[in-house]
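The chain contents come next:
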Amino acid sequence: MTADDHLPGPVDRAPLPGGPVAVLTNPTAGRGRYRALLPRLLDGLAAAGRPVRLLPASGPGEAEAACRAAVADGAGALVAIGGDGTVHQALQAVAGTDVPFGPIPAGTGNDFALDTGFPADPLAAADVIASALRDGRRHTVDLARMSGVDGTERWYGAVLAAGFDAIVNERANRMRWPRGPRRYDLAIVVELARLRPRRYTMRLDGVPHEVDAVLVAVGNCPTYGGGMRICPDADPTDGLLDVVVAGRVDRRTLIRVKPRIYQGTHVSHPLVRSYRARTVELAAEGITTYADGERSLGLPVTISAVPGAVRLLR
């Protein structure tokens, strides 16, 4: 048994597409603490013997557009240096294509990269990607594909939040003060004071469910928010999505249970239920979802597990 056999997803060894390695980087990821590593990371990728092309991007929209253009122009691979948000932008371009992808974790939250077997150290991750490029080695893993009522489609790799956490994110994004992480903390306080169960309509592989809940998460991978194991049994190679629902939970219970999410033990609480399905249809009033921590589609949405949708350079 090789080291590859311990990694998620079936391994494929074949010549990689020609073309340069396109690199998307977010210099503000992780509050900029990895910015000084960029030259070493690029050198590490170049050690694979392929030209490396740094993509110009000054914001999320430009980043996604640059990734799509690079793939359309014949990039041999796409690498994202940053956190889950940077990875999310890159996935929109490589999902469902033959272009292999490598995430280098350099953000505040690196859930997709870590959950799919990449080292937490950025330099070590770059070495893994460079080795895969040299050897023509890829592991395929699943992604989740979202469809909105207007036909809009988005992909995500880790977790879709569609409850309290999404509401907090939406509140924080509307606030102009305070700056930094304290804004998110204040948004939690405000939304805890307003906490109330909402009525969700779900169809799981066509089977209807109606629940009153304060938290709903749909996971392709186990973690979100920088290591919180919200969907602890999710496996990005099983062709299924894990749905975790916290029901009619009051403020005190939510505060008490939320720390347990880091270990994934919250799913044993009697008010928490877990489901598994290939296709999840989810509807509720007034909820904007957050996928991989990024603002995404408003409910209702349909989410489908797409097996082998991305080829990872591992």
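Let me sum up the structure you'll find in this document. From a predicted model like this one, the values you see are computed outputs, not experimental measurements.

Definitions and cut-offs
- Per chain, residues are indexed from 1 in the order of the written sequence.
- Where local features are concerned, this predicted model is filtered to residues with pLDDT of at least 70; where side-chain atom pairs are given and counted, the filter is 80 or more; whole-chain, interface and lining totals use all residues.
- Working from all heavy atoms in the structure, the side-chain values ignore hydrogens and water.
- Only runs of H or I of at least four residues qualify as helices and only runs of E of at least two qualify as strands under DSSP, and these elements are numbered from the N terminus.
- Here the globule rule reads 2.2 Å times residues to the power 0.38, and the radius of gyration is calculated from C-alpha atoms.
- Per-residue accessibility, obtained with a 1.4 Å probe over protein chains only, is compared with the maximum for each type, and a residue is labelled buried under 20%, exposed over 50%, and partly exposed between these values.
- Any pair of residues with heavy atoms lying within 4.5 Å of one another is described as a contacting pair.
- Only four residue types enter the tally: Lys and Arg on the positive side, Asp and Glu on the negative side; His and the chain ends are excluded.
- A charge is said to be at NZ when it belongs to Lys, at CZ for Arg, at CG for Asp and at CD for Glu.
- Strand pairing is assigned whenever DSSP detects at least two bridges linking the two strands.
- What counts as an axis is a line fitted to C-alpha atoms, over the stretch in contact for a helix, and the angles between N-to-C directions run from 0 to 180 degrees.
- Under the rule applied, a polar contact is a pair of N or O atoms within 3.5 Å (in protein, one hydrogen donor and one hydrogen acceptor; residues adjacent in sequence only if both atoms are side-chain atoms).
- A pair of Phe, Tyr and Trp rings is counted when the ring centres sit within 6.5 Å of each other, with Trp represented by its six-membered ring. The angle between the planes then sorts it: under 30 degrees is stacked, over 60 is edge-to-face, the rest tilted.
- The criterion for a charge sitting over a ring is simple: Lys NZ or Arg CZ within 6 Å of the ring centre, and within 35 degrees of the ring normal.
- Remark: nonpolar core denotes a set of buried residues (Ala, Val, Leu, Ile, Met, Phe, Trp, Tyr, Cys) joined through side-chain atoms within 4.5 Å.
- A pairing counts as a salt bridge when a side-chain nitrogen of Lys or Arg comes within 4 Å of a carboxyl oxygen of Asp or Glu.

Observations regarding the overall build of the protein
Thinking step 1. Broken down by element type, the protein carries eight helices and 17 strands.
Thinking step 2. Relative to the 2.2 N^0.38 estimate, which gives 20 Å for 314 residues, the radius of gyration of the protein is 19 Å and therefore close to what a compact globule would have.
Thinking step 3. In terms of overall dimensions, the protein has a C-alpha envelope of 55 × 45 × 40 Å along the principal axes.
Thinking step 4. Per-residue burial over the protein gives 54% buried out of 314 residues.
Thinking step 5. Looking at the protein alone, contacts between residues at least 24 apart form 71% of all its contacts between residues at least 6 apart.
Thinking step 6. Within the protein, the 33 negative side-chain charges are centred at a point lying 7 Å from the centre of the 37 positive side-chain charges.

Remarks on the sheet that holds strand β15 (residues 288-291)
Thinking step 1. Ordered by their spatial adjacency, six strands build an open sheet running β13-β12-β11-β8-β15-β16, and the pairing between neighbours is antiparallel. On the outer flanks of this sheet lie β13 (272-277) and β16 (294-298), each paired with one strand and no other. Going from strand to strand, the sheet's axes swing by 25° on average, the running direction of each strand aside.
Thinking step 2. Relative to β13, strand β12 (residues 241-246) runs antiparallel, the two sharing six bridges. Counted as the bridge partner of Val-243 is Tyr-275 from β13.

So, the environment of Thr-201
Thinking step 1. Its place among the elements puts Thr-201 in strand β9 (residues 198-204).
Thinking step 2. Between the C-alpha atom of Thr-201 and that of Met-228, which follows or precedes it by 27 residues, the distance is 25 Å.
Thinking step 3. Residues contacting Thr-201, with those up to four places away along its chain left out, are His-209, Glu-210, Glu-281, Leu-282 and Ala-283.

Focus on the environment of Asp-121
Thinking step 1. Summarising the element assignment, Asp-121 is placed in the loop between α4 (111-115) and α5 (122-135).
Thinking step 2. Sequence separation between Asp-121 and Ala-48 is 73 residues, and the spatial gap between their C-alpha atoms is 19 Å.
Thinking step 3. A distance of 3.2 Å separates a polar atom in the side chain of Asp-121 from the backbone nitrogen of Leu-123.

Some points on the packing of aromatic side chains
Thinking step 1. On inspection of all chains with the given rule, the structure shows zero aromatic pairs.
Thinking step 2. Positioned above the aromatic ring of Phe-118 is the side chain of Arg-314, whose terminal nitrogen or guanidinium carbon lies 5.5 Å from the ring centre.

Considering helix α6 (residues 164-174)
Thinking step 1. Within α6, nine of the eleven residues are buried, which leaves it mostly tucked inside the rest of the structure.
Thinking step 2. Buried within α6 we find Phe-164, Asp-165, Ala-166, Ile-167, Val-168, Asn-169, Glu-170, Arg-171 and Ala-172.

Things to note about the nonpolar core
Thinking step 1. Counting 76 residues, the largest nonpolar core has Leu-78, Phe-101, Ile-104, Phe-112 and Val-310 as its most contacted members.
Thinking step 2. A total of six residues in this core trace back to one element, the largest contributor, which is α5.
Thinking step 3. Beyond its immediate stretch of four places on either side in the chain, Val-310 contacts Leu-91, Val-94, Phe-101, Phe-112, His-139, Thr-140, Val-141 and Leu-143.
Thinking step 4. Counting residues in each nonpolar core, the second largest holds 28 residues, with Tyr-200, Ala-213, Val-218 and Val-245 among its members.

Observations regarding the pattern of salt bridges
Thinking step 1. In this structure the tally under the stated criterion is 13 salt bridges.
Thinking step 2. Residues Arg-199 and Glu-210 are paired through a salt bridge, measuring 2.9 Å at the closest nitrogen-oxygen approach. Linking Arg-199 in strand β9 with Glu-210 in strand β10 (residues 207-213), this pair joins segments that are eleven residues apart in sequence.
Thinking step 3. A salt bridge links Arg-203 to Glu-281; the nearest nitrogen and oxygen atoms lie 3.7 Å apart. Taken together, the residues span a long stretch of sequence, with Arg-203 in strand β9 and Glu-281 in strand β14 (residues 279-283) at a distance of 78 residues.
Thinking step 4. Overall, the relative accessible area of 34% leaves Arg-203 in the partly exposed class.
Thinking step 5. If you follow the salt bridges from partner to partner, you end up with Arg-199, Glu-210, Asp-212 and Arg-248 in one network.

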